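Observations on chain architecture
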Amino acid sequence: MRLHVADHPLVAHKLSVLRDERTASPTFRLLVDELVTLLAYEATREVRTIEVPITTPVAPTTGTKIADPQPIVIPILRAGLGMLDGMTRLLPTAEVGFLGMQRDETTLEAITYANRLPDDLTGRQVFLLDPMLATGATLVAAINYVLERGARDVTAVCLLAAPEGIEVLKEAVGGRADVSVVVAAVDSHLTDKAYIYPGLGDAGDRLYGIVD
Ligand SMILES: O=P(O)(O)OC[C@H]1O[C@H](OP(=O)(O)OP(=O)(O)O)[C@H](O)[C@@H]1O
Ligand SMILES: O=c1cc[nH]c(=O)[nH]1
Ligand SMILES: [Mg+2]
């Protein structure tokens, strides 16, 4: 598994405003969108391409286009939905599938409550979107799900990760060189309630408000 931690002053600035407890949902949503666009640039570095003949106003030449089948972008609902527009802005031809997953806050297990994905992902390049990699249970389940259906080259785009979650992910998929995580920052640790510390709180709640 490959891990890329963004190292850029714009990412650090936007992330700091995002973390601030005084940042309300409208600004929070905007910042998530902007951060994902910055991370998407790095996350798509190895998107599959083909060479195509093109003709400029001056001369025929060879260009590069994203290869078919197009990559699949999968936001993990709810919080991952806040990252979708930022990602598809850079990858507008991607297909989009959905996984609804919720962490049981007592057992910390990931429960899948919605799935709108093709059964056959053979050979497909997949981008999973979820702002928070805490214990890693959600991302391990989502990555295993797409790998079991044949996906190759899976990149998770996250805003914050805990070292504990990264270790769990490495143990689960560490042997695979075609699994990557791109993250804006790796924080200090998990709290006793498995929240990322210092983190930004509950990403879904901060994006969309508290839903019981
Ligand atoms: O690494 P883990 O310990 O599994 O935790 C991370 C998960 O928790 C959050 O989702 P949550 O369950 O709060 O759902 P929500 O997006 O609907 O708020 C977050 O968006 C991840 O999906
Ligand atoms: O810190 C955390 C951990 C899990 N989910 C969140 O939204 N935030
Ligand atoms: Mg939540």
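Residues numbered from 1 in each chain as written. Chains lettered and ligands numbered in written order. Predicted model: local features only at pLDDT ≥ 70, side-chain atom pairs only at ≥ 80, totals over all residues. Heavy atoms only, no water.

Residues in close proximity to ligand 2 include Arg103, Met132, Ala134, Ala194, Tyr195, Ile196, Gly201, Asp202 and Ala203, which together make up its full environment. Residue isoleucine 196 places a main-chain N or O atom 2.9 Å away from an oxygen atom belonging to ligand 2. Within the contact set of ligand 2, an oxygen atom lies 2.8 Å away from a backbone nitrogen or oxygen of alanine 203. When ligand 2 sits alone it has 240 Å² of accessible area, and the protein chains cover 89% of it. Its atoms largely coinciding with the cavity grid, ligand 2 occupies the largest pocket. (Near = heavy atom within 4 Å. Polar contact = N/O pair within 3.5 Å; in protein donor to acceptor, adjacent residues only side chain to side chain. Areas by Shrake-Rupley, 256 points an atom, 1.4 Å probe, with all protein chains shown as cover. 1 Å grid on protein atoms, 1.4 Å probe; cavity = no way out; pocket = protein on both sides within 12 Å on 5 of 7 lines; lining within 4 Å. Sits in = over half its atoms within 2 Å of the grid points.)

Bringing the pattern of salt bridges into the picture now. If charged atoms from side chains of opposite charge come close, those side chains can pair. All told, the structure shown has 13 salt bridges when counted by the stated rule. Where aspartate 33 meets arginine 89, a salt bridge forms, and the shortest distance between an N and an O atom there is 3.0 Å. Note that aspartate 33 is positioned in helix H2 (residues 25-43) and arginine 89 in helix H3 (residues 84-90), a separation of 56 residues in sequence. Residue classification places arginine 89 among the partly exposed residues on the basis of a relative accessible area of 46%. (Salt bridge = Lys/Arg side-chain N within 4 Å of Asp/Glu carboxyl O. Helix = DSSP H or I, 4+ residues; strand = E, 2+ residues; numbered from the N terminus. Buried < 20%, exposed > 50% of the residue type's maximum accessible area, 1.4 Å probe, protein only.)

Distances from the magnesium ion (ligand 3) to its protein donors, namely Asp202 (OD) and Asp202 (OD), fall within the range 2.5 to 2.8 Å. Relative to the helices and strands, aspartate 202 resides in the loop between strand S13 (196-197) and helix H6 (203-208). (Donors = N, O, S within 2.8 Å, 3.2 Å for Na, K, Ca; no water.)

Here, UniProt's "domain: Phosphoribosyltransferase" (unreviewed entry) annotation points to residues 5-209. Structurally, residues 5-209 comprises 32% helix and 30% strand, and the distance from its first C-alpha atom to its last is 28 Å. (UniProt positions renumbered as here; feature names shortened; annotations may be inferred.)

In the vicinity of ligand 1 lie 15 residues, with Ala79, Arg103, Asp130, Thr135 and Thr138 positioned nearest. Take arginine 103: an N or O atom from its main chain is 2.7 Å from an oxygen atom of ligand 1. In terms of residue count, strand S6 (residues 98-103) provides more of the shell around ligand 1 than any other element does, three residues in total. For the shell around ligand 1, a count of residues per class yields six nonpolar, five polar and four charged. (Nonpolar A, V, L, I, M, F, W, Y, C, P; charged D, E, K, R; others polar.)

This paragraph deals with the packing of aromatic side chains. Inspection of the entire model under this criterion finds zero aromatic pairs. Positioned above the aromatic ring of tyrosine 195 is the side chain of arginine 103, whose terminal nitrogen or guanidinium carbon lies 5.5 Å from the ring centre. Its end group placed over the ring of tyrosine 145, arginine 149 keeps NZ or CZ at 3.7 Å from the ring centre. (Phe/Tyr/Trp six-rings, centres within 6.5 Å; stacked < 30°, edge-to-face > 60°. Lys NZ or Arg CZ within 6 Å of the ring centre and 35° of its normal.)

When the UniProt feature table is mapped to this numbering, "binding site: 5-phospho-alpha-D-ribose 1-diphosphate" (unreviewed entry) covers Arg78, Arg103, Asp130, Pro131, Met132, Leu133, Ala134, Thr135, Gly136, Ala137, Thr138 and Asp202. Residues from the named set that contribute to the lining of the largest pocket are Arg78, Arg103, Asp130, Met132, Leu133, Ala134, Thr135, Gly136, Ala137, Thr138 and Asp202. A relative accessible area of 17% means that arginine 103 is categorised as buried. Ignoring any residue separated from it by four or fewer positions in sequence, one finds arginine 103 in contact with Leu108, Glu109, Ala110, Ala134, Thr135, Lys193, Ala194 and Tyr195. Relative to the elements of secondary structure, threonine 138 occurs in helix H4 (residues 137-148). What makes threonine 138 buried here is its relative accessible area of 15%. Once residues within four sequence positions are removed from consideration, threonine 138 is found in contact with Ile76, Met101, Ala110 and Asp130. (Contact = heavy atoms within 4.5 Å.)

Further remarks concern the layout of surface pockets. Here the largest pocket defines a volume of roughly 710 Å³. Lining the largest pocket are 28 residues, with Gln102, Arg103, Glu105, Asp202 and Gly204 sitting closest to its centre. Listed by contribution, the elements that provide at least two residues to the lining of the largest pocket are strand S4 (72-77), S6, strand S9 (132-133), H4 and H6. Considering only residue class, the lining of the largest pocket consists of 15 nonpolar, six polar and seven charged. Empty space within the second largest pocket amounts to approximately 270 Å³. Lining the second largest pocket are 14 residues; nearest its centre among them are Arg2, Ala43, Glu46, Thr155 and Ser180. Mapped by element, the contributors of at least two residues to the lining of the second largest pocket are strand S1 (2-5), H2, strand S10 (154-161) and strand S11 (179-186). Top contributing element to the lining of the second largest pocket by residue count: S1, with three residues. (Points joined across faces, edges and corners; volume = space filled by probe spheres on them.)

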